[in-house]
Amino acid sequence: MTEQMNASCCQDHGHMRELDAYIDELAQQGSMDGKLIAILHRAQEIIGYLPKEVQIHIARRLSLPPAKVFGVVSFYSYFSMVPRGKFVIDVCMGTACFVIGADKVLDEFKNLLGIEAGQTTPDRLFSLNALRCVGACGLAPVISVNGKMYGKVTPKDVSKIIEEYKGGAGE
Ligand code: FES
């Protein structure tokens, strides 16, 4: 039976119903062993991030200790515990990108946005992430904004990319 969540974090309880329906669907397919990551992915897709209350709810549904769920969420940089910005900037820090200056590109984003990797600007416009190889090494250093890829990026390009989205071009 679906355990309903009393989540103060989620104003839209429809989101939690959707998540519960997904968990129920997986449960009908058999054992829930090894399904935690899939559920966290789905939860982040639905809600946009993974607040503590949602992690506790998932832990309860899977009969797991909440610490186990927190551990997985903190380990993978893909998962976010804070609301994401309208534009999510992912900077690849895989080896091919790193050796030709991805760290300097990331530093420039940090400087211009005034946030660290894993954070969101106070106006909720941008989130910044550092990722492992995104599979486009031939274009290194690679960044993406809401999935739109930019290759051979240098620190000089960073302000132009930010302005492009501030100006609404990404909408
Ligand atoms: S290392 Fe950056 S795309 Fe592969």
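Student: What am I meant to see in the packing of aromatic side chains here?
Tutor: Two aromatic rings are characterised by how far apart their centres lie and by the angle between their planes. Within the structure shown, the criterion is met by 4 aromatic pairs. When the ring of phenylalanine 87 is compared with that of phenylalanine 126, the centres are 5.8 Å apart and the planes differ by 40°; the resulting orientation is tilted. With a gap of 39 residues between them, phenylalanine 87 in strand 1 (residues 87-92) and phenylalanine 126 in strand 2 (residues 126-131) connect regions that are remote in the sequence. Like phenylalanine 126, phenylalanine 87 is buried.

Student: Can you help me understand the domain arrangement of the protein chain in this one?
Tutor: Where interface size is given, it is often the accessible area lost as the parts come together that is meant. Domain annotation for the protein chain reports domain 1 (2-75) and domain 2 (87-166). For domain 1 and domain 2, the distance between their C-alpha centroids amounts to 29 Å.

Student: What am I meant to see in the pairing of strand 1 here?
Tutor: Of all the 6 residues making up strand 1, 6 are buried; the element is thus mostly covered by neighbouring parts of the structure. Residues of strand 1 alternate between two faces, with Phe87, Ile89 and Val91 on one and Val88, Asp90 and Cys92 on the opposite face, all of them buried. Pairing geometry for strand 1 and strand 2, over 6 bridges, is parallel. Its bridge partner being in strand 2, aspartate 90 is matched across the sheet by asparagine 129.

Student: How should unusual backbone geometry be read in this particular structure?
Tutor: Trans peptide bonds make up the majority, and among non-glycine residues the majority have a negative phi. Cis geometry marks the peptide bond from alanine 140 to proline 141, where omega comes out at -10°. In this structure, proline 141 sits in the loop between strand 2 and strand 3 (143-145). One non-glycine residue, serine 63, lies in the positive phi region at around 55°. You can see serine 63 is positioned in the loop between helix 3 (52-61) and helix 4 (66-75). Of the residues examined, serine 63 reaches a relative accessible area of 66% and is grouped as exposed. Despite not being glycine, asparagine 146 shows a phi value in the positive range, around 45°. Topologically, asparagine 146 is positioned in the loop between strand 3 and strand 4 (148-150).

Student: Could you clarify how one ought to interpret the packing of helix 1 (residues 13-28) against helix 2 (residues 36-47) in this entry?
Tutor: Helix-helix packing is characterised by the crossing angle of the two axes and by the distance between the axes. Running from N to C, helix 1 and helix 2 point in directions that differ by 155°, and their axes come no closer than 10 Å. In terms of orientation, helix 1 and helix 2 fall into the roughly antiparallel class. Considering how the two elements wind past one another, helix 1 and helix 2 form a crossing that is right-handed. Residue-level contacts link His15, Met16, Glu18, Leu19, Tyr22, Ile23 and Leu26 of helix 1 to Ala38, Ile39, Arg42, Ala43, Ile46 and Ile47 of helix 2. Its residues assigned to classes, the contact of helix 1 with helix 2 comprises 10 nonpolar, 1 polar and 2 charged.

Student: How should I be thinking about the sheet that holds strand 3 in this particular structure?
Tutor: Sheet strands associate in pairs through backbone hydrogen bonding, adopting either a parallel or an antiparallel arrangement. Pairing is mixed in the open sheet, where 4 strands are placed in the order 2-1-3-4. If you trace the sheet from one side to the other, it starts and ends with strand 2 and strand 4, each paired once. Adjacent strand axes in the sheet meet at a mean angle of 20°, parallel and antiparallel pairs treated alike. Sheet topology note: the strand 3/strand 4 ladder contains 3 bridges and is antiparallel.

Student: Would you explain the nonpolar core in this entry?
Tutor: Proteins that are soluble and globular tend to have nonpolar side chains buried together. Formed by 21 residues in total, the largest nonpolar core has its most connected members in Leu19, Leu36, Ile39, Leu40, Leu50, Val54 and Ile58. For this core, the elements supplying multiple residues, two or more each, are helix 1, helix 2, helix 3 and helix 4. Ranked by residue count, the leading element in this core is helix 2, at 6 residues. Every residue in contact with leucine 50, bar those within four places of it in the chain, is listed here: Leu40, Ala43, Gln44, Gln55, Val73, Phe79, Ser80 and Met81.

Calculation criteria
Residue positions are given per chain, counted from 1 along the sequence in the order it is written. In keeping with the model being predicted, local features are shown solely for residues with a pLDDT of at least 70 and side-chain atom pairs are shown and tallied solely at 80 or more, while totals for entire chains, interfaces and linings include all residues. Hydrogens and waters are ignored; side-chain quantities use all the structure's heavy atoms. When two rings of Phe, Tyr or Trp (its six-membered ring) have centres within 6.5 Å they constitute a pair, described as stacked for plane angles under 30 degrees, edge-to-face for angles over 60, and tilted for the intermediate range. Helix and strand labels come from DSSP, where a helix needs a run of H or I of at least four residues and a strand needs a run of E of at least two; each type is numbered from the N terminus. Relative accessibility decides the category of a residue: with a 1.4 Å probe and only protein chains considered, values under 20% of the type maximum give buried, values over 50% give exposed, and everything between is partly exposed. Domain ranges listed in this record stem from an automatic or a database domain assignment. A pair of strands counts as paired when DSSP detects no fewer than two bridges linking them. To obtain an axis, a line is fitted to C-alpha atoms, over the contacting stretch when the element is a helix, and the angle between two such axes runs from 0 to 180 degrees between their N-to-C directions. Oblique is the label for every angle not falling under 35 degrees (roughly parallel), over 145 degrees (roughly antiparallel), or within 65 to 115 degrees (roughly perpendicular). Two helices cross in a left-handed way if the nearer one is turned anticlockwise from the farther one by less than a right angle. They cross in a right-handed way if the turn is clockwise. Contact between two residues is taken to exist if any of their heavy atoms lie within 4.5 Å; hydrogens are not considered. Under the scheme applied here, ten amino acids are nonpolar (Ala, Val, Leu, Ile, Met, Phe, Trp, Tyr, Cys and Pro), four are charged (Asp, Glu, Lys and Arg), and all others, including Gly, are polar. In this text, buried Ala, Val, Leu, Ile, Met, Phe, Trp, Tyr and Cys residues form a nonpolar core when linked through side-chain atoms within 4.5 Å.

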